[in-house]
Amino acid sequence: MATFDDLLEEAGTFGRCQKRIFALLCLLSIPVSAVYVGIVFQGFTPDHWCRDAAVVERRQACSWSLSDSRRLTALVVNNSGVLQQSSCEQYEVDWNNTRLTCDSQELNLTNVPVTACKDGWEYQYEGRKSLVTEFNLVCSDAWLVDMYQSILNVGFLIGSFAFGYLADRFGRRVSIMMSNILNLIAGIVLAVVPNYISILVVRCIFGFGVKGGWMNGYVLLTEMVGAEYRRTVGIVYQMFFSVGNLILPLLAYYITDWRWLQVVITAPYLFFLPYYWFIPESPRWLISQKNTAKALEITEAMAKENKKKLSKNFETVTEDEGDSPSASLLDLFRTPNMRKHTFILMFNWFTSAVVYQGLIMRVGIAGGNVYIDFLISGLVEFPAAFLILITIERIGRRLPFAAANIVAGAACVITAFIPDSMFWFKTVVACIGRLGITMAFEMVVFVNTELYPTFIRNLGVSVCSTLCDIGGIVSPFLLYRLAFIWLELPLIIFGVVAFVAGGLVLLLPETRGVPLPETLDDIEWPIVTHCIFKYHQQNGVAMTYFCRATLEVHIALDPSIESQ
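Since this is a predicted model, take the numbers as computed values, not measurements.

A. Main features of the overall build of the protein chain. Counting secondary structure elements, the protein chain contains 25 helices and eight strands. For the protein chain, the residues scored as buried account for 53% of the 564 residues in total. In the protein chain, of all internal contacts separated by at least 6 residues, the share reaching a separation of at least 24 is 79%. Taken as a whole, the protein chain presents about 25700 Å² of accessible surface, with 63% of it coming from carbon and sulfur.

Below you can see the structure in the form of structure tokens.
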């Protein structure tokens, strides 16, 4: 009885049809970047100070500079050892009842009492408008900017589960269409809603749809190509997220209002709506739904586009693999090695999200040119995919995965202690950290699939990857709140967390050249599994002394192994 992989061998494992689908689905990844890290520009907090109507009026009449008028409202404070003008306090002076002349900027205000801002804030933002300037999300309300990003990740978390169910229930193509419709509506509504609570609600819905569509695009893509291409297309699909990182600062530079930027970010989903008619349903999913006739029809169309022809031997097609009905959440923690794998992978998903998102958002508060800095840091993500493709088959998974985390951690810690006067050196080291965490983020996806047995693989990846969204919820608060204490403190936290993640990866087994595990025994006795695999691979001859001795010991403990 044939499987879909047998069918795909005849239809073409990565022919013209798959390349067309691949190109279309990769475009889905581009706007996801703007949604995920658009807060750097949409939620940008410019230099600001307390507003006083009388001082503003006098500034206009006397042609003062902003710094001249700011001196009359903003006192100088010590911020982490640096003297700067306060953004949240002002001199307690009623300038309406004080004779304010054009020479008043020379007044000595040293012993004047201070108070919190009363009449809002002024912003040095050159005619631009961000979420922060529109709703005055500064000082005591600054945490609401963190919430803007965290609520998106709440939507991601819910969308992962909801669209996972919808994709399994109604199909990959239908769920992608539903996601695109929801994204288009939610994205436009987000650009026009008038109050901040409504913005948070719609932002959560937007995240719900965006994550679900991106995830199902990834699943559909990997189901349509041969096994030898799945890892490569998956990595390149993620790389198009980095393409979005290059486009975003260019859009943000020319679009000065965060609401119009939101419209432009949403616009691609209008062009994704016709995908429903240009991308076929996954034949693998159809086979799992016992709709073999439709699966064969689609595969024949794929073969025709690939200029190939199916033989007539495929009357019945079965699923390659299926989840055991007995698979449960407890299976992820039931045995020692499974438990170890689960906790380490969970921590690595969490770390990747916290550090990756944190490093990107830090560009908005680092004090440089946010557009150029964002563009430069985005460029360094591209070598990550190539380094992965070069190393994983030559060196393996474990060492590059661990090294990526450790390099990211080291770069974060070193960057924190490089003085601002060494700007380019600090930028280069920070970019190395960004490269490392990008590699780690892309590697955790497929390493996760290789460390779980077949019957629980999908559940294992789903559960572990939820820590990615939880990390995304935590990251904004971790970055912005700790930066108030010391700007470089988040980098040290990121560095420590990445170091720990890299060390834990070294405790995982190497999976290069090892068949995917099928049972819990394959996880708990990996040496036995490896030896059995080698035995069958060599037709039972030339087994090493180590493997022979290992098998003899384990056969004595468990005679059932001998039958394998």
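B. Fine view of the packing of aromatic side chains. Across all of its chains, the model carries 22 aromatic pairs by this definition. Note on F333 and F343: the rings are 5.4 Å apart at their centroids and 50 degrees apart in plane angle, and the pair reads as tilted. Residue F333 is found in the loop between β8 (317-318) and α16 (336-362), and its partner F343 is found in helix α16; the two are separated by ten residues along the sequence. Judged by its relative accessible area of 25%, F333 is partly exposed. Three or more aromatic residues joined by ring pairs make a cluster, and in this case those are Y36, F156, F241, Y356 and F441. Geometry around Y253 places R128 over its ring, the cationic atom sitting 5.7 Å from the centre.

C. Geometry of a nonpolar patch on the surface. Taken together, the side chains of I395, L399, I406, V496, F499, V500 and L506 present a nonpolar region at the surface, about 570 Å² in accessible area. Going through the elements one at a time, α19 (398-417) and α22 (489-505) are the ones with two or more residues in the nonpolar patch. Along the chain, V500 falls in helix α22.

D. Quick peek at the packing of helix α17 (residues 370-379) against helix α20 (residues 423-450). Where α17 contacts α20, the axes come no closer than 9 Å and their chain directions differ by 45 degrees. Our classification of the angle between α17 and α20 gives oblique. Crossing hand, α17 versus α20: right-handed. Facing α17, whose interface residues are D373, I376, S377 and G378, α20 presents F423, W424, T427, C431 and R434. Here the residues of the contact of α17 with α20 sort into four nonpolar, three polar and two charged.

E. Structural context of empty space enclosed by the protein. Inspection of the entire model under this criterion finds four cavities of 30 Å³ or more. Put simply, the largest cavity is a space of about 70 Å³. Along its surface, the largest cavity is lined by 13 residues, and F41, Y125, A252, I255 and T256 are the ones closest to its centre. Tallied by class, the residues present in the lining of the largest cavity amount to seven nonpolar, three polar and three charged. There is about 50 Å³ of room inside the second largest cavity. Forming the walls of the second largest cavity are R173, I176, M177, N180, L220, F272, L273, Y275, Y276 and I279.

F. Examining the environment of V138 more closely. Here V138 shows up in the loop between α6 (131-135) and α7 (143-170). Under the relative-accessibility criterion, V138 is labelled buried at 1%. When the C-alpha atoms of V138 and W121 are compared, they prove to be 8.7 Å apart, with 17 residues separating the residues in sequence. If sequence neighbours within four positions are ignored, V138 has contacts with T45, H48, W121, Y123 and V132.

G. Fine view of the nonpolar core. Counting residues in hydrophobic clusters, the biggest one holds 132 residues, and the most contacted among them are L25, F41 and Y148. In this structure, Y148 is in contact with I39, Q42, L131, L190, Y196, I199, L200, R203, W258 and Q262, ignoring residues within four places of it in sequence. Among the nonpolar cores identified, the runner-up in size contains ten residues, and A54, V55, C62 and W95 belong to it.

H. Broad picture of the side chain of S377. Considering the arrangement of structural elements, one finds S377 in helix α17. The class of S377 is buried, set by a relative accessible area of 7%. Side chain to side chain, S377 and R434 meet in a polar contact 2.8 Å long. Residues in contact with S377, not counting those within four places in the same chain, are V363, C431 and R434.

I. Geometry of unusual backbone geometry. The backbone phi angle of C139 is positive, close to 55 degrees, even though this residue is not glycine. Note that C139 resides in the loop between α6 and α7. Positive phi is not limited to glycine here, since K307 has a value of about 60 degrees. Within the fold, K307 resides in the loop between α15 (292-305) and β8. Using a relative accessible area of 70% as the deciding quantity, one classes K307 as exposed.

J. Summary view of the pattern of salt bridges. Within the structure shown, the criterion is met by 19 salt bridges. Close ionic contact of D257 with K129 constitutes a salt bridge, the shortest N to O distance being 4.0 Å. Of this pair, D257 sits in the loop between α10 (227-254) and α11 (258-266) while K129 sits in the loop between β7 (121-124) and α6, placing them 128 residues apart in sequence. For D257, a relative accessible area of 18% corresponds to the buried category. The class for K129 is partly exposed, based on a relative accessible area of 36%. Where R362 meets E488, a salt bridge forms, and the shortest distance between an N and an O atom there is 2.6 Å. One end of the pair, R362, is in helix α16; the other, E488, is in the loop between α21 (457-485) and α22, with 126 residues separating them in the sequence. A single burial state applies to R362 and to E488, both of which are buried. Salt bridges here are not isolated pairs; linked through shared partners, they connect R231, E393, R397 and E450.

What counts, and where the lines are drawn
Residues numbered from 1 in each chain as written. Predicted model: local features only at pLDDT ≥ 70, side-chain atom pairs only at ≥ 80, totals over all residues. Heavy atoms only, no water. Helix = DSSP H or I, 4+ residues; strand = E, 2+ residues; numbered from the N terminus. Buried < 20%, exposed > 50% of the residue type's maximum accessible area, 1.4 Å probe, protein only. Contact = heavy atoms within 4.5 Å. Areas by Shrake-Rupley, 256 points an atom, 1.4 Å probe, with all protein chains shown as cover. Phe/Tyr/Trp six-rings, centres within 6.5 Å; stacked < 30°, edge-to-face > 60°. Lys NZ or Arg CZ within 6 Å of the ring centre and 35° of its normal. Patch = residues over 30% accessible without salt bridge, like charges linked within 9 Å, V, L, I, M, F, W, Y side chains within 5 Å. Salt bridge = Lys/Arg side-chain N within 4 Å of Asp/Glu carboxyl O. Axes fitted to C-alpha atoms, helices over the stretch in contact; angles between N-to-C directions. Parallel < 35°, antiparallel > 145°, perpendicular 65-115°, else oblique. Left-handed = near helix turned anticlockwise from the far one by under 90°. Nonpolar A, V, L, I, M, F, W, Y, C, P; charged D, E, K, R; others polar. 1 Å grid on protein atoms, 1.4 Å probe; cavity = no way out; pocket = protein on both sides within 12 Å on 5 of 7 lines; lining within 4 Å. Points joined across faces, edges and corners; volume = space filled by probe spheres on them. Core = buried A, V, L, I, M, F, W, Y, C linked by side-chain atoms within 4.5 Å. Polar contact = N/O pair within 3.5 Å; in protein donor to acceptor, adjacent residues only side chain to side chain.

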